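Structure at a glance
Listed below are the residues making up each chain.
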Protein chains: 2
Amino acid sequence: MASQPHPLLPPADGTLGYVRIGDVLLDSGVLLPQVTIALQCWGTLNADASNVVLIEHALTGDSHVVGPKDALHPTPGWWPGMVGPGCPIDTDRWFVICTNTLGGCRGTTGPSSLHPDGHYWGARFPAISIRDMVRAEAQLADLLGIRRFAAVIGGSMGGARALEWMIMYPQRMAAAGVLAVGPRASADQIGWQTTQILAITADPAWQQGGYHGTGREPTMGLGIARRIAHLSYRSEQELDRRFSNRPAPGEDPIGEDLSMQGRYAVQSYLDHQASKLIARFDACCYVLLTDALNRHDIGRDRGGLHHVLKNCTVPAVICAVDTDRLYPLRQIEEIAEHLPYCDGVDIITSEKGHDGFLAEADQTAEILRKTMALAEADEQVRF
Amino acid sequence: MASQPHPLLPPADGTLGYVRIGDVLLDSGVLLPQVTIALQCWGTLNADASNVVLIEHALTGDSHVVGPKDALHPTPGWWPGMVGPGCPIDTDRWFVICTNTLGGCRGTTGPSSLHPDGHYWGARFPAISIRDMVRAEAQLADLLGIRRFAAVIGGSMGGARALEWMIMYPQRMAAAGVLAVGPRASADQIGWQTTQILAITADPAWQQGGYHGTGREPTMGLGIARRIAHLSYRSEQELDRRFSNRPAPGEDPIGEDLSMQGRYAVQSYLDHQASKLIARFDACCYVLLTDALNRHDIGRDRGGLHHVLKNCTVPAVICAVDTDRLYPLRQIEEIAEHLPYCDGVDIITSEKGHDGFLAEADQTAEILRKTMALAEADEQVRF
């Protein structure tokens, strides 16, 4: 068979494509109409579509796993070196799909998309859960003729989606790679996340979530949210080693008045992180996805998370970063301990905290190779 | 001699008193005019004023160390059981003073006080350092005829003040008790603290810091700042044990829309913490004192913190809380390791994080007893 048997699939060279998956019935009972999923693909799909790997991005990620920054992609690929010929997810062997999540703002239907009524969705967009994101992806897989993924892999919010795939569609995947996420939102995560949401919705430019098209956006609130989030993504040791209490170059934060003109180096760094996000991300989408993370709980309405994990038959690699203060080790151990086909938590050793799963390329590559070996072993059993 | 030889001292029964200490020359070179310090005292001052213990409060604390909530004191004493007859700081033996810090909003001159021009100071109030707070207290001690304190004791921002006392006036104190603070602001602390300041100053009600008397206050911003701060004061384990991802009673945070009407239990708890602070604390004072914490660095312009600590002759008890994520153990160890008269960090074991020095009464009492034993030993050498 040729390399593109499925006309619905975009070119397998990482070009951004779009698939209309129709309406999606949400956990809440709301029917979300006319959903489009944006995606990118790499590699060659085999005849029975059995070599497909689904990669799930984190909160502010998108479908651009690898590749340079360009007109459609405001940032370079977020997992450089992980997907490609000879890479840990080897596109000589595997066909890789990465979707932009339901509710996203990089091509998939979300709050910054147009409602069927012709106006922006904004905060009229219904609340969604991690399960809804996965349900939308299963609809996409149906349309693409993918009955079963060789692996579903993701970190942070992408890890939450990979986990939900394991629970919702265990028969549709051979292996899972789950990095840097817990089995449910903890009180601490909900505390930080609701505070971030409040920073955005308290911004007068929020306008009850109806700011799209008004020329005013809650960028100040989104920037505050990003500063909080970014601090939670790094470790205090790394921040202090890099910035200590030094002033930003040429600035004086210890002057005689409270005008706050002069900044500390770490403050300038956080300002930069905030500005970058504001330039590329929609505030209402940030609220929607952060709220979805608050809802994350693989055990809810299913008899509890231990029960769910014990009965999950998907072989999985479960990975934590040792200095992660957003998703601390104890939460990730709880997943690994209860899964029957998991040999314990794989730990990335890093000074970088939660972001270690993005920043520690060699160790992350090892995690992905281990995950693909599980997928490979499954292939050998089946064929 | 009688029990009140110093007419400037307020009654020694915890009644709030005020002392005009005149102008204070700040680190920045600015002369802050006509400063009043609010204070409370307990116990009986001895003839040579050699039995005085100075207690330093934390960021949003005040002079009300012990005692009930009343008209002048919006909260009960913040260190219940620590000061009084037979208590760890025994008022049968020691005369205890607690000041409201320079720049505070509970009686001492600060941003919510009137400027000599008759209008509120607001953000015209000059930036201050921890050293300026201590300098003002030394002026107060001069006026009260206290040449040397038996001990200076504090936690968090109060600990930073106690540390600066050790460096600036080692000859004026016999012992120090420093709890839950590092030798300088770390990048992480500055990151969280500048984000809090931004949340307040980005609130439209901030009005360039000139909101006093306008009828509008940046309460939303102050509330966001407090939520961030409060999360940093607790541990993720304790928060999760108490709140997990439960809804607030009678509320539904996982409904079908993004109206954010329903709250999680931890969200409701943070809302409550924010409301309580808004009701009792001035936002501009919060900005000023948080900025002072950013400036905290006992080594600045003194040859570095190791040099300063090695040459500090004050016997000290240095204490950390094992789960403190705001002032982690490694920072506090750095103090203890370099002080010549310190036998290592005393560790409070607590699930409660930074707040452990306020919440773990038995262990904190032990720290204070150990500090007062150092003061007692000094007395025995001198007399």
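- Per an unreviewed UniProt entry, chain A goes by the name Homoserine O-acetyltransferase and belongs to Lawsonella clevelandensis.
- Per UniProt, chain A has the following entry under Sequence similarities (unreviewed entry): "Belongs to the AB hydrolase superfamily. MetX family."
- Of chain A, the UniProt comment under Subunit (unreviewed entry) reads exactly: "Homodimer."

Remarks on the domain arrangement of chain A
All names here are of chain A.
- One can read the domain layout of chain A as domain 1 (13–184 + 298–382) and domain 2 (189–290).
- Taken together, the contact between domain 1 and domain 2 spans 33 residues of the former and 29 residues of the latter.
- Both sides of the domain 1 and domain 2 interface together cover about 2500 Å² of buried area, and 60% of this is carbon and sulfur.
- Scanning the region where domain 1 abuts domain 2 turns up 2 salt bridges.
- Residue Arg234 pairs with Asp355 through a salt bridge whose shortest N-O separation is 2.9 Å.
- Joining domain 1 to domain 2, the criterion identifies 12 residue pairs in polar contact (both at pLDDT 80 or more).
- Here the residues of the side of domain 1 that touches domain 2 sort into 16 nonpolar, 11 polar and 6 charged.

Notes on the packing of aromatic side chains
Residues and elements named next belong to chain B.
- With the rule as written, the count across this model stands at 17 aromatic pairs over all chains.
- When the centroid spacing of 5.1 Å and the interplanar angle of 50 degrees are considered together, the rings of Trp165 and Tyr169 count as tilted.
- Taking the relative accessible area as the measure of exposure, Trp165 reaches 0% and is therefore buried.
- Plain terms: the ring middles of Phe243 and Tyr269 are 4.7 Å apart, the flat faces sit at 35 degrees to each other, and that makes the pair tilted. Here the residue Phe243 occupies a position in helix H5 (residues 236–243), and Tyr269 occupies one in helix H6 (residues 265–280), the gap between them amounting to 26 residues.

Overview of the pattern of salt bridges
- Counted according to the given criterion, the structure contains 52 salt bridges over all chains.
- A:Asp271 is the partner of A:Arg227 in a salt bridge, and the nearest nitrogen-oxygen pair spans 2.7 Å. With A:Arg227 in helix H4 (residues 219–233) and A:Asp271 in helix H6 (residues 265–280), this residue pair connects regions lying 44 residues apart in the sequence.
- Given a relative accessible area of 18%, A:Asp271 falls into the buried group.
- One salt bridge connects B:Asp271 with B:Arg263, and the closest N-O pair in it is separated by 2.8 Å.

What to know about the interface of chain A and chain B
- Every contact between the two is made by 57 residues of chain A and, on the other side, 57 residues of chain B.
- When the two sides are added together, the surface that chain A and chain B hide from each other amounts to roughly 4800 Å², 65% of it contributed by carbon and sulfur.
- Among the residues chain A hides against chain B, the three largest losses belong to A:Trp192, A:Asn245 and A:Leu258. Together they make up 14% of the total.
- Across the chain A-chain B interface, the total number found is 8 salt bridges.
- Where A:Asp240 meets B:Arg184, a salt bridge forms, and the shortest distance between an N and an O atom there is 2.9 Å.
- At the junction of chain A with chain B, the criterion picks out 26 residue pairs in polar contact (both at pLDDT 80 or more).
- Residue assignment for the side of chain A that touches chain B shows that the elements contributing at least two residues are helix H3 (187–201), H4, helix H5 (236–243), H6, helix H7 (283–295) and helix H9 (329–338) of chain A.
- The biggest single contributor to the side of chain A that touches chain B is H3(A), with 10 residues.
- Here the side of chain A that touches chain B is composed, by residue class, of 30 nonpolar, 14 polar and 13 charged.

About the criteria used
Residues numbered from 1 in each chain as written. Chains lettered and ligands numbered in written order. Predicted model: local features only at pLDDT ≥ 70, side-chain atom pairs only at ≥ 80, totals over all residues. Heavy atoms only, no water. UniProt positions renumbered as here; feature names shortened; annotations may be inferred. Domains from an automatic or database assignment. Contact = heavy atoms within 4.5 Å. Buried area = accessible area lost by both parts, 1.4 Å probe. Salt bridge = Lys/Arg side-chain N within 4 Å of Asp/Glu carboxyl O. Polar contact = N/O pair within 3.5 Å; in protein donor to acceptor, adjacent residues only side chain to side chain. Nonpolar A, V, L, I, M, F, W, Y, C, P; charged D, E, K, R; others polar. Phe/Tyr/Trp six-rings, centres within 6.5 Å; stacked < 30°, edge-to-face > 60°. Buried < 20%, exposed > 50% of the residue type's maximum accessible area, 1.4 Å probe, protein only. Helix = DSSP H or I, 4+ residues; strand = E, 2+ residues; numbered from the N terminus.

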